[in-house]
Amino acid sequence: MNTHPGIIGIKVGTTQFFTENGEVVLCTAIHAGCTVVGKRTQEKDGYSALVLGLGESKNKHTTKALRTSFEKRGQKTPRHVQEIRATAEAVEAAELGQQLKLEDIFAVGQKVDVRSRSNGKGFAGVMKRHNFRGAKATHGAHEVYRHGGSIGMATTPGRVWPGKKMAGQEGNKIVSVLNQRVAKILPEQQLLLIEGSVPGAKNSVVRVQGAVKKNGGK
Amino acid sequence: MQSVSLLQELENSQLRSVHPSFRCGDTVRVHYRVVEGEKTRVQVFQGLVIKRHRAGARSTFTVRKVSFGQGVERIFPLHSPRIEKIEISSQGVVRRSRLYYLRDRTGKAARVRDIKDR
């Protein structure tokens with residue numbers, strides 16, 4: 001379980017900047033103005049985590065139950081809510097309504113894991129989804145150019161092996177990219193620049209946490 | 001859209017407006033800082049601008065020259081802090097914005113008419 005401190009944010013888009021010695025760094029900007037809207041503690045919930053909220057949602061988009069649960073704590077209903085696992089001490093230290101500061105959580109050059117929903121490709125065929133080669137367009141082939149070919153044997157085993165690559169939904173699923181690098185932090189604009197690309201479309205919710213495989217796997 | 005302007009703002013902070021304006025077909029001298037180990041020196045690359053990619057802070061331009069009979073093209077980021085200065089040595093008259101046709105030509109055919117000869 002990744003319990004390294006992290007944030008949730010909105011993907012702004014990709015851009016580039018020049019370093020001091022003139023090198024170009026290609027990066028993705030993430031707008032991270034998330035606040036702590038709740039806590040999960042060991043005693044009460046059996047695990048410790050921070051509930052983070054992002055943005056603000058209109059009344060017509062929320063149920064009254066949800067709205068009042070936030071109003072009771074004197075908060076506006078966030079547009080996106082996500083829990084982020086944290087150590088008991090970190091949960092203890094956080095205050096409700098407090099805005100997470102990027103510069104306290106991340107350092108430039110730090111490795112992070114990025115998690116978000118990838119671009120949906122719809123119901124994709126095997127050539128697009130699994131890089132199959134398709135079939136020949138000539139030599140008597142008839143309307144099978146993009147097919148996957150045989151999917152198994154005959155009476156033995158009499159079934160298709162589990163995990164057989166076939167056509168189906170591609171993309172639009174949660175994807176993690178491990179060990180990306182923090183390129184720059186702009187606290188004033190609440191922007192976090194991450195080197196390279198980040199899965200998903202612009203305006204999609206992105207979760208950034210300390211790299212799990214670089215820091216002893218916790 | 002708020003997100004668009006955020007990115008714009010970020011890129012605008014990268015802009016440098018110290019260079020003279022030049023066009024495709026112009027011959028320029030680009031003074032480029034080269035880092036070799038510890039030392040830094042300025043290298044001059046002189047040639048014809050065959051492409052300008054105008055994209056805000058991400059703008060680049062391509063300079064072509066023929067060096068010892070071998071065509072050499074170099075792409076410079078326009079707003080790079082490594083560009084010390086850009087000198088325009090002559091302005092050319094061309095009818096298109098991408099001068100890729102020069103790649104197929106050599107010698108006299110690869111010339112561009114100077115603005116003064118018009």
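Residues numbered from 1 in each chain as written. Chains lettered and ligands numbered in written order. Predicted model: local features only at pLDDT ≥ 70, side-chain atom pairs only at ≥ 80, totals over all residues. Heavy atoms only, no water.

Visitor: Please set out the interface of chain B and chain A residue by residue, giving values where relevant.
Guide: Opposite the 16 residues of chain B that make contact, chain A presents 20 residues. Approximately 1400 Å² of surface area, both sides summed, lies buried where chain B meets chain A, with 63% of it carried by carbon and sulfur atoms. Counting the contacts that link chain B with chain A gives 1 salt bridge. Between Glu23(A) and Arg82(B) there is a salt bridge, with its nearest N and O atoms 3.8 Å apart. The tally of links from chain B across to chain A stands at 3 residue pairs in polar contact (both at pLDDT 80 or more). Broken down by element, the side of chain B that touches chain A gets its largest block of residues, 7 residues, from helix α1 (residues 2-12) of chain B. (Contact = heavy atoms within 4.5 Å. Buried area = accessible area lost by both parts, 1.4 Å probe. Salt bridge = Lys/Arg side-chain N within 4 Å of Asp/Glu carboxyl O. Polar contact = N/O pair within 3.5 Å; in protein donor to acceptor, adjacent residues only side chain to side chain. Helix = DSSP H or I, 4+ residues; strand = E, 2+ residues; numbered from the N terminus.)

Visitor: An account of unusual backbone geometry is requested, with residue identities and associated values reported.
Guide: All names here are of chain A. Looking along the chain, the bond that leaves Thr156 and enters Pro157 is cis, with omega of 0°. Relative to the helices and strands, Pro157 resides in the loop between α5 (126-130) and β8 (168-170). The phi dihedral of Asn131 is positive, around 60°, even though this residue is not glycine. Considering the arrangement of structural elements, one finds Asn131 in the loop between α5 and β8. In this structure, Asn203 is a non-glycine residue whose phi angle is positive, near 70°.

Visitor: An account of the packing of aromatic side chains is requested, with residue identities and associated values reported.
Guide: Residue and element names in this part refer to chain B. Going through the model one piece at a time under the given rule, you end up with 4 aromatic pairs over all chains. Between Phe22 and Phe61, the ring centres sit 5.0 Å apart and the planes meet at 75°, which makes this aromatic pair edge-to-face. Taken together, the residues Phe22 in the loop between α1 and β1 (27-36) and Phe61 in strand β3 (residues 60-67) connect sequence positions 39 residues apart. Side by side, Phe22 and Phe61 carry an identical accessibility label, which is buried. Ring pairs connect the aromatic residues Phe22, Tyr32, Phe45, Phe61 and Phe76, which therefore count as one cluster. Above the ring of Phe22, the side-chain terminus of Arg52 is found at 4.4 Å from the ring centroid. For the cation-ring pair, Lys65 lies above Phe45, with the distance from its terminal atom to the ring centre recorded as 4.6 Å. (Phe/Tyr/Trp six-rings, centres within 6.5 Å; stacked < 30°, edge-to-face > 60°. Buried < 20%, exposed > 50% of the residue type's maximum accessible area, 1.4 Å probe, protein only. Lys NZ or Arg CZ within 6 Å of the ring centre and 35° of its normal.)

Visitor: Break down the side chain of Gln180(A) for me, with residues and values.
Guide: Residue and element names in this part refer to chain A. Within the element layout of this structure, Gln180 appears in strand β9 (residues 174-186). At a separation of 2.7 Å, a polar atom in the side chain of Gln180 contacts the main-chain carbonyl oxygen of Ser197. In contact with Gln180, not counting residues within four places along its chain, are Gln110, Lys111, Val112, Val114, Ile194, Glu195, Gly196, Ser197 and Val198.

Visitor: Residues and numbers for the pattern of salt bridges, please.
Guide: Under the criterion given, the structure shown has 9 salt bridges over all chains. Because the salt bridges share partners, they merge into one network encompassing Arg64(B), Glu73(B) and Arg103(B).

Visitor: I'd like a description of a positive patch on the surface, backed by residues and values.
Guide: All names here are of chain B. Among the surface-exposed residues, Arg23, Arg54, Arg95, Arg96, Arg98, Arg105, Arg113 and Arg118 lie close enough to one another that they form a single positively charged patch. Looking at where Arg54 falls in the secondary structure, it is placed in the loop between β2 (39-53) and β3. A residue is classified by how much of its surface remains accessible, and Arg54, at 59% relative accessible area, is exposed. (Patch = residues over 30% accessible without salt bridge, like charges linked within 9 Å, V, L, I, M, F, W, Y side chains within 5 Å. Areas by Shrake-Rupley, 256 points an atom, 1.4 Å probe, with all protein chains shown as cover. Lys, Arg positive; Asp, Glu negative; His and termini not counted. Charge placed at Lys NZ, Arg CZ, Asp CG, Glu CD.)

Visitor: Tell me what's going on with the sheet that holds β3(B), and back it up with residues and numbers.
Guide: Residues and elements named next belong to chain B. Read across the open sheet, the 5 strands follow the order β4-β3-β2-β1-β5; overall the sheet is antiparallel. In the strand order of this sheet, the two ends are held by β4 (70-77) and β5 (83-90), each with one partner. Here the strands of the sheet are splayed against their neighbours by 40° on average, with no regard to which way each runs. Summarising the sheet, β3 and β4 pair through 8 bridges and their orientation is antiparallel. Bridging from a neighbouring strand, Thr62 pairs with Ile75 of β4. (Pairing = 2+ DSSP bridges. Axes fitted to C-alpha atoms, helices over the stretch in contact; angles between N-to-C directions.)

Visitor: So what about the side chain of Ser118(A)? Which residues, and what values?
Guide: Residues and elements named next belong to chain A. Turning to its location among the elements, Ser118 is positioned in the loop between β6 (111-117) and β7 (122-124). Take Ser118: its relative accessible area is 16%, and that puts it in the buried class. If sequence neighbours within four positions are ignored, Ser118 has contacts with Gly171, Asn172, Lys173, Val175, Pro199 and Gly200.

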